[in-house]
Amino acid sequence: MTQETKPAFSYPVRIGHISANPVSVHLSANEAERRALATLWKVNEVRLLVADLQIGRWKKDGVKIKGELRAELVQSCVVTLDPVEAEISEPVEAIFVPEGSRLARQADNDGGEMILDPGGPDIPDTFSGDTIDVGVVVSEHVALVIDPYPRKEGAVFGERIESTAADDKRPNPFAVLKDLKKD
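All of these numbers come straight from a predicted model, not from anything done at the bench.

Conventions we followed
Residues numbered from 1 in each chain as written. Predicted model: local features only at pLDDT ≥ 70, side-chain atom pairs only at ≥ 80, totals over all residues. Heavy atoms only, no water. Pairing = 2+ DSSP bridges. Helix = DSSP H or I, 4+ residues; strand = E, 2+ residues; numbered from the N terminus. Axes fitted to C-alpha atoms, helices over the stretch in contact; angles between N-to-C directions. Contact = heavy atoms within 4.5 Å. Expected span 1.5 Å × (residues − 1). Polar contact = N/O pair within 3.5 Å; in protein donor to acceptor, adjacent residues only side chain to side chain. Salt bridge = Lys/Arg side-chain N within 4 Å of Asp/Glu carboxyl O. Buried < 20%, exposed > 50% of the residue type's maximum accessible area, 1.4 Å probe, protein only. 1 Å grid on protein atoms, 1.4 Å probe; cavity = no way out; pocket = protein on both sides within 12 Å on 5 of 7 lines; lining within 4 Å. Points joined across faces, edges and corners; volume = space filled by probe spheres on them. Nonpolar A, V, L, I, M, F, W, Y, C, P; charged D, E, K, R; others polar. Lys, Arg positive; Asp, Glu negative; His and termini not counted.

A. Molecular detail of the sheet that holds strand S5 (residues 83-98). Taken together, the 5 strands give an open sheet; going across it, the order is S2-S3-S4-S5-S6, and neighbouring strands pair in mixed fashion. Taken across any chain shown, the strands that pair with only one partner, and hence form the sheet edges, are strand S2 (23-28) and strand S6 (125-127). The sheet shows a mean angle of 25 degrees between the axes of neighbouring strands, direction not considered. For strand S4 (residues 62-76) and S5, the ladder comprises 14 bridges, and the chain directions are antiparallel. Of the residues in S5, the one forming a bridge with Val74 is Glu85. Helix-sheet contacts for helix H1 (residues 31-41) involve S2, strand S3 (45-58) and S4, and the interaxial angle to S3 is about 95 degrees. Of the strands in this sheet, S2, S3, S4 and S5 touch helix H2 (residues 134-145), which is tilted by about 130 degrees from S5.

Given below as C-alpha coordinates:
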(Lines give C-alpha, C1' and ligand atoms only; values in the text may rest on other atoms or scores of the structure.)
Protein backbone atom coordinates (compact mmCIF):
# COMPACT_ATOMS: atom_id res chain seq x y z
CA MET A 1 0.00 0.00 0.00
CA THR A 2 2.31 2.71 -1.15
CA GLN A 3 0.92 6.13 -1.91
CA GLU A 4 2.80 8.72 -3.96
CA THR A 5 0.64 11.55 -2.68
CA LYS A 6 -0.93 12.20 0.68
CA PRO A 7 -4.14 10.13 0.95
CA ALA A 8 -7.46 11.94 1.37
CA PHE A 9 -8.24 9.99 4.56
CA SER A 10 -5.31 8.67 6.56
CA TYR A 11 -4.86 6.78 9.83
CA PRO A 12 -1.44 5.10 9.87
CA VAL A 13 -0.96 2.18 12.24
CA ARG A 14 2.51 0.90 13.13
CA ILE A 15 2.72 -2.86 12.83
CA GLY A 16 4.97 -3.14 15.89
CA HIS A 17 2.25 -1.68 18.10
CA ILE A 18 -0.35 -4.31 17.15
CA SER A 19 -0.78 -7.13 19.62
CA ALA A 20 -2.48 -10.52 19.38
CA ASN A 21 -5.49 -9.06 21.21
CA PRO A 22 -7.44 -6.87 18.77
CA VAL A 23 -7.64 -3.17 19.58
CA SER A 24 -10.81 -1.16 18.92
CA VAL A 25 -10.34 1.93 16.78
CA HIS A 26 -12.94 4.56 15.90
CA LEU A 27 -12.19 6.64 12.79
CA SER A 28 -14.08 9.76 11.75
CA ALA A 29 -13.25 11.99 8.79
CA ASN A 30 -12.98 15.70 9.53
CA GLU A 31 -14.27 18.42 7.20
CA ALA A 32 -11.05 18.76 5.16
CA GLU A 33 -10.82 14.98 4.73
CA ARG A 34 -14.47 14.79 3.65
CA ARG A 35 -13.87 17.49 1.00
CA ALA A 36 -10.81 15.62 -0.26
CA LEU A 37 -12.77 12.35 -0.38
CA ALA A 38 -15.61 14.04 -2.31
CA THR A 39 -13.07 15.14 -4.92
CA LEU A 40 -11.45 11.70 -5.01
CA TRP A 41 -14.76 9.85 -5.36
CA LYS A 42 -16.24 12.48 -7.73
CA VAL A 43 -19.34 13.09 -5.61
CA ASN A 44 -20.92 16.41 -4.62
CA GLU A 45 -20.40 16.04 -0.89
CA VAL A 46 -19.33 13.59 1.79
CA ARG A 47 -21.37 14.40 4.86
CA LEU A 48 -20.12 11.58 7.08
CA LEU A 49 -17.48 8.88 7.12
CA VAL A 50 -16.99 6.84 10.29
CA ALA A 51 -15.59 3.39 10.94
CA ASP A 52 -15.44 1.19 14.02
CA LEU A 53 -12.68 -1.35 13.57
CA GLN A 54 -10.85 -4.13 15.38
CA ILE A 55 -7.15 -4.30 14.48
CA GLY A 56 -5.11 -7.31 15.57
CA ARG A 57 -2.44 -9.79 14.57
CA TRP A 58 -3.17 -12.46 11.99
CA LYS A 59 -1.13 -15.64 11.94
CA LYS A 60 2.57 -14.94 12.62
CA ASP A 61 3.31 -11.62 10.93
CA GLY A 62 0.02 -10.50 9.39
CA VAL A 63 -2.56 -7.92 10.43
CA LYS A 64 -6.33 -8.33 10.35
CA ILE A 65 -8.72 -5.37 10.16
CA LYS A 66 -12.38 -6.07 10.74
CA GLY A 67 -15.35 -3.84 11.49
CA GLU A 68 -18.14 -1.65 10.12
CA LEU A 69 -18.10 1.59 8.20
CA ARG A 70 -20.81 4.16 7.61
CA ALA A 71 -20.90 6.99 5.08
CA GLU A 72 -23.39 9.59 3.92
CA LEU A 73 -22.87 11.06 0.45
CA VAL A 74 -24.57 13.48 -1.92
CA GLN A 75 -24.31 12.65 -5.62
CA SER A 76 -25.88 14.05 -8.78
CA CYS A 77 -28.78 12.15 -10.35
CA VAL A 78 -27.78 10.78 -13.76
CA VAL A 79 -31.18 11.80 -15.19
CA THR A 80 -32.02 15.18 -13.65
CA LEU A 81 -28.67 16.25 -12.10
CA ASP A 82 -30.57 16.92 -8.87
CA PRO A 83 -28.80 16.02 -5.61
CA VAL A 84 -29.30 12.42 -4.46
CA GLU A 85 -28.44 11.40 -0.89
CA ALA A 86 -26.89 7.99 -0.36
CA GLU A 87 -26.23 6.12 2.87
CA ILE A 88 -23.63 3.38 2.97
CA SER A 89 -23.25 0.86 5.76
CA GLU A 90 -20.80 -1.92 5.00
CA PRO A 91 -18.63 -4.46 6.79
CA VAL A 92 -14.88 -4.08 6.41
CA GLU A 93 -12.49 -6.99 6.48
CA ALA A 94 -8.91 -6.93 5.26
CA ILE A 95 -5.81 -8.99 5.94
CA PHE A 96 -2.29 -7.71 5.34
CA VAL A 97 0.99 -9.61 5.27
CA PRO A 98 4.54 -8.36 4.63
CA GLU A 99 5.84 -8.33 1.07
CA GLY A 100 7.44 -11.64 0.20
CA SER A 101 5.36 -13.59 2.72
CA ARG A 102 4.37 -17.04 1.53
CA LEU A 103 0.85 -16.34 2.80
CA ALA A 104 0.40 -13.73 0.03
CA ARG A 105 1.21 -16.12 -2.79
CA GLN A 106 -1.61 -17.20 -5.06
CA ALA A 107 -2.10 -20.93 -5.58
CA ASP A 108 -1.56 -22.21 -9.11
CA ASN A 109 -1.72 -25.53 -10.89
CA ASP A 110 1.06 -27.33 -12.79
CA GLY A 111 0.32 -25.31 -15.95
CA GLY A 112 1.00 -22.00 -14.21
CA GLU A 113 -2.66 -20.96 -14.15
CA MET A 114 -3.94 -19.21 -11.05
CA ILE A 115 -6.65 -21.01 -9.13
CA LEU A 116 -9.36 -18.61 -7.95
CA ASP A 117 -12.39 -19.43 -5.86
CA PRO A 118 -14.97 -16.63 -6.37
CA GLY A 119 -16.78 -17.63 -3.19
CA GLY A 120 -13.61 -18.13 -1.17
CA PRO A 121 -11.63 -15.70 0.91
CA ASP A 122 -9.50 -13.05 -0.77
CA ILE A 123 -5.75 -13.46 -0.72
CA PRO A 124 -4.10 -11.11 1.79
CA ASP A 125 -2.91 -7.69 0.68
CA THR A 126 0.75 -6.92 1.17
CA PHE A 127 2.45 -4.02 2.89
CA SER A 128 6.00 -2.76 2.95
CA GLY A 129 7.71 -1.01 5.79
CA ASP A 130 6.29 -0.95 9.29
CA THR A 131 2.99 0.92 8.73
CA ILE A 132 -0.47 0.20 7.32
CA ASP A 133 -2.79 3.12 6.54
CA VAL A 134 -6.17 2.00 7.87
CA GLY A 135 -7.82 5.21 6.60
CA VAL A 136 -6.95 4.23 3.04
CA VAL A 137 -8.44 0.76 3.62
CA VAL A 138 -11.72 2.35 4.80
CA SER A 139 -11.87 4.84 1.91
CA GLU A 140 -11.20 2.09 -0.64
CA HIS A 141 -14.05 0.00 0.78
CA VAL A 142 -16.43 2.96 0.48
CA ALA A 143 -15.27 3.74 -3.06
CA LEU A 144 -16.14 0.19 -4.13
CA VAL A 145 -19.78 0.46 -3.01
CA ILE A 146 -20.63 3.96 -4.24
CA ASP A 147 -23.46 3.79 -6.78
CA PRO A 148 -21.91 4.82 -10.12
CA TYR A 149 -25.33 5.80 -11.56
CA PRO A 150 -27.41 7.37 -8.78
CA ARG A 151 -30.99 8.13 -9.73
CA LYS A 152 -33.43 10.36 -7.90
CA GLU A 153 -36.63 8.60 -6.87
CA GLY A 154 -39.14 8.75 -9.72
CA ALA A 155 -36.68 10.17 -12.27
CA VAL A 156 -37.13 8.62 -15.70
CA PHE A 157 -35.75 9.36 -19.11
CA GLY A 158 -38.32 11.13 -21.31
CA GLU A 159 -39.11 9.97 -24.80
CA ARG A 160 -36.43 11.03 -27.21
CA ILE A 161 -36.39 10.91 -30.95
CA GLU A 162 -32.95 10.34 -32.34
CA SER A 163 -34.03 10.68 -35.97
CA THR A 164 -37.14 10.75 -38.12
CA ALA A 165 -38.18 8.29 -40.83
CA ALA A 166 -37.13 10.86 -43.46
CA ASP A 167 -33.67 11.07 -41.90
CA ASP A 168 -33.37 7.28 -41.91
CA LYS A 169 -34.30 6.93 -45.60
CA ARG A 170 -31.20 6.03 -47.54
CA PRO A 171 -30.71 6.88 -51.21
CA ASN A 172 -30.69 4.00 -53.62
CA PRO A 173 -27.06 3.45 -54.74
CA PHE A 174 -28.26 2.26 -58.17
CA ALA A 175 -30.13 5.52 -58.88
CA VAL A 176 -26.88 7.01 -60.24
CA LEU A 177 -26.52 4.09 -62.66
CA LYS A 178 -30.07 4.61 -63.90
CA ASP A 179 -29.18 8.17 -64.92
CA LEU A 180 -26.04 6.97 -66.76
CA LYS A 181 -28.03 4.46 -68.80
CA LYS A 182 -30.25 7.25 -70.22
CA ASP A 183 -27.26 9.07 -71.74
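From this point, things continue past the structure.
B. Inspection of the pairing of S3 at higher detail. Where S2 and S3 come together, 6 bridges link them in antiparallel fashion. Paired with Val23 across the strands is Ile55, a residue of S3. Inspection of the sheet shows S3 paired to S4 by 13 bridges, in the antiparallel sense. From the neighbouring strand, Ala51 faces S4, where its bridge partner is Leu69. Hairpin connection between S3 and S4: a loop of 3 residues separates the two successive antiparallel strands, and Lys59 in this loop has a positive phi of roughly 50 degrees.

C. Quick peek at H2. Compared with an ideal rise of 1.5 Å per residue, which puts 12 residues at 16 Å, H2 spans 17 Å between its outermost C-alpha atoms and is within 8% of the ideal. Where H2 starts, the residue carrying a side-chain oxygen 3.1 Å from the main-chain nitrogen of Gly135 turns out to be Asp133.

D. The pattern of salt bridges, seen in detail. Summed over the entire model, instances satisfying the criterion amount to 7 salt bridges. The closest approach of N and O atoms between Lys152 and Asp82, which form a salt bridge, is 3.3 Å. Taken together, the positions of Lys152 in the loop between H2 and helix H3 (165-168) and Asp82 in the loop between S4 and S5 put the pair 70 residues apart, joining distant regions of the chain. On the basis of relative accessible area, Lys152 is assigned to the partly exposed category, the value being 37%. One continuous salt-bridge network, built from bridges that share partners, spans Glu45, Arg47 and Glu85.

E. Region of the structure containing the layout of surface pockets. Its boundaries defined by the atoms lining it, the largest pocket holds a volume of some 350 Å³. Only S5 and H2 provide two or more residues apiece to the lining of the largest pocket. In the lining of the largest pocket, the residues fall into 8 nonpolar, 1 polar and 4 charged.

F. Spatial organisation of the side chain of Glu33. For Glu33, the location among the structural elements is in helix H1. The buried charged residue Glu33 lacks any salt bridge, with Lys6 as its nearest oppositely charged partner at 5.9 Å.

G. Spatial organisation of the environment of Thr131. With respect to the helices and strands, the residue Thr131 is situated in strand S7 (residues 131-133). Sequence spacing of Thr131 and Gly16 is 115 residues, and the spatial spacing of their C-alpha atoms is 8.5 Å. Among the polar contacts listed, one links the side chain of Thr131 to the side chain of Asp130, at a separation of 3.1 Å.

H. Representation of unusual backbone geometry in the model. Although it is not a glycine, Lys42 sits at a positive phi angle of roughly 60 degrees. Tracing the sequence through the fold places Lys42 in the loop between H1 and S3. The exposure class of Lys42 is exposed, given its relative accessible area of 75%. One non-glycine residue with positive phi stands out, namely Leu81, at about 65 degrees. Here Leu81 falls in the exposed class, since its relative accessible area comes to 65%.

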